Amino acid sequence: LNITADDNLANISSVIFEVSLRIPTANDEVFARLYNKTDGVAVSSSEVTTDNKDSTLLQANNISLKGGNKLYQLQMKTRFGRESLADSARVKIFIK
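Residues numbered from 1 in each chain as written. Predicted model: local features only at pLDDT ≥ 70, side-chain atom pairs only at ≥ 80, totals over all residues. Heavy atoms only, no water.

1. Here's the deal with the sheet that holds strand β2 (residues 12-22)
Line of reasoning, step 1. Strand order in the open sheet made by the 3 strands is β6-β2-β8, with antiparallel pairing throughout. Whereas interior strands pair on both sides, the edge strands pair on one side only; in this sheet they are β6 (56-60) and β8 (85-95). Strand-to-strand, the axes of this sheet are offset by a mean angle of 20°, without reference to chain direction.
Line of reasoning, step 2. As paired strands, β2 and β6 are joined by 5 bridges and run antiparallel to one another. What sits directly across from L21, in β6, is T56. (Pairing = 2+ DSSP bridges. Helix = DSSP H or I, 4+ residues; strand = E, 2+ residues; numbered from the N terminus. Axes fitted to C-alpha atoms, helices over the stretch in contact; angles between N-to-C directions.)

The structure is reproduced here in structure tokens:
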């Protein structure tokens, strides 16, 4: 996901990160977050988690984007290294 947010940051009222996650075995916990690959940092307050075997829509509200042209990626990990899946992910940007 490539987002350019130069002078328009002042016009953004909120940013929401949504992802549908599942862990088929239900014997683990999956964590996901938005990662700013351009700057090499995780997006603050974007981490979500579930231990559900069924796809679960999770959201992180009021995350902040950095100005400029940035490449964002979904990062995932599990506590015990079991299989996990992201069925969908998106960033919702609301303008004032």
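Next comes the rest of the description.
2. Thoughts on unusual backbone geometry
Line of reasoning, step 1. Its identity as a non-glycine residue notwithstanding, A26 has a phi of 60°, on the positive side.
Line of reasoning, step 2. As for its placement among the helices and strands, A26 is situated in the loop between β2 and β3 (30-36).

3. Focus: the environment of V43
Line of reasoning, step 1. For V43, the position within the fold is in the loop between β4 (41-42) and β5 (48-50).
Line of reasoning, step 2. Of the residues examined, V43 reaches a relative accessible area of 8% and is grouped as buried.
Line of reasoning, step 3. Sequence-wise, V43 and Y72 are 29 residues apart; in three dimensions their C-alpha atoms are separated by 8.9 Å.
Line of reasoning, step 4. Not counting the four nearest positions on each side in its chain, V43 is found in contact with L34, Y35, N36, I63, S64 and Y72. (Buried < 20%, exposed > 50% of the residue type's maximum accessible area, 1.4 Å probe, protein only. Contact = heavy atoms within 4.5 Å.)

4. Concerning the packing of aromatic side chains
Line of reasoning, step 1. According to the stated counting rule, one finds 0 aromatic pairs in the structure shown.
Line of reasoning, step 2. Sitting over the ring of F31, K77 keeps its end group 5.6 Å from the ring centre. (Phe/Tyr/Trp six-rings, centres within 6.5 Å; stacked < 30°, edge-to-face > 60°. Lys NZ or Arg CZ within 6 Å of the ring centre and 35° of its normal.)

5. Points about the nonpolar core
Line of reasoning, step 1. In terms of nonpolar packing, the biggest core is built from 18 residues, with F17, L21, L34, V48 and I63 touching the most fellow members.
Line of reasoning, step 2. Sorting the residues of this core by element identifies β2, β3 and β6 as the ones contributing at least two each.
Line of reasoning, step 3. At 5 residues, β2 tops the list of elements feeding residues into this core. (Core = buried A, V, L, I, M, F, W, Y, C linked by side-chain atoms within 4.5 Å.)

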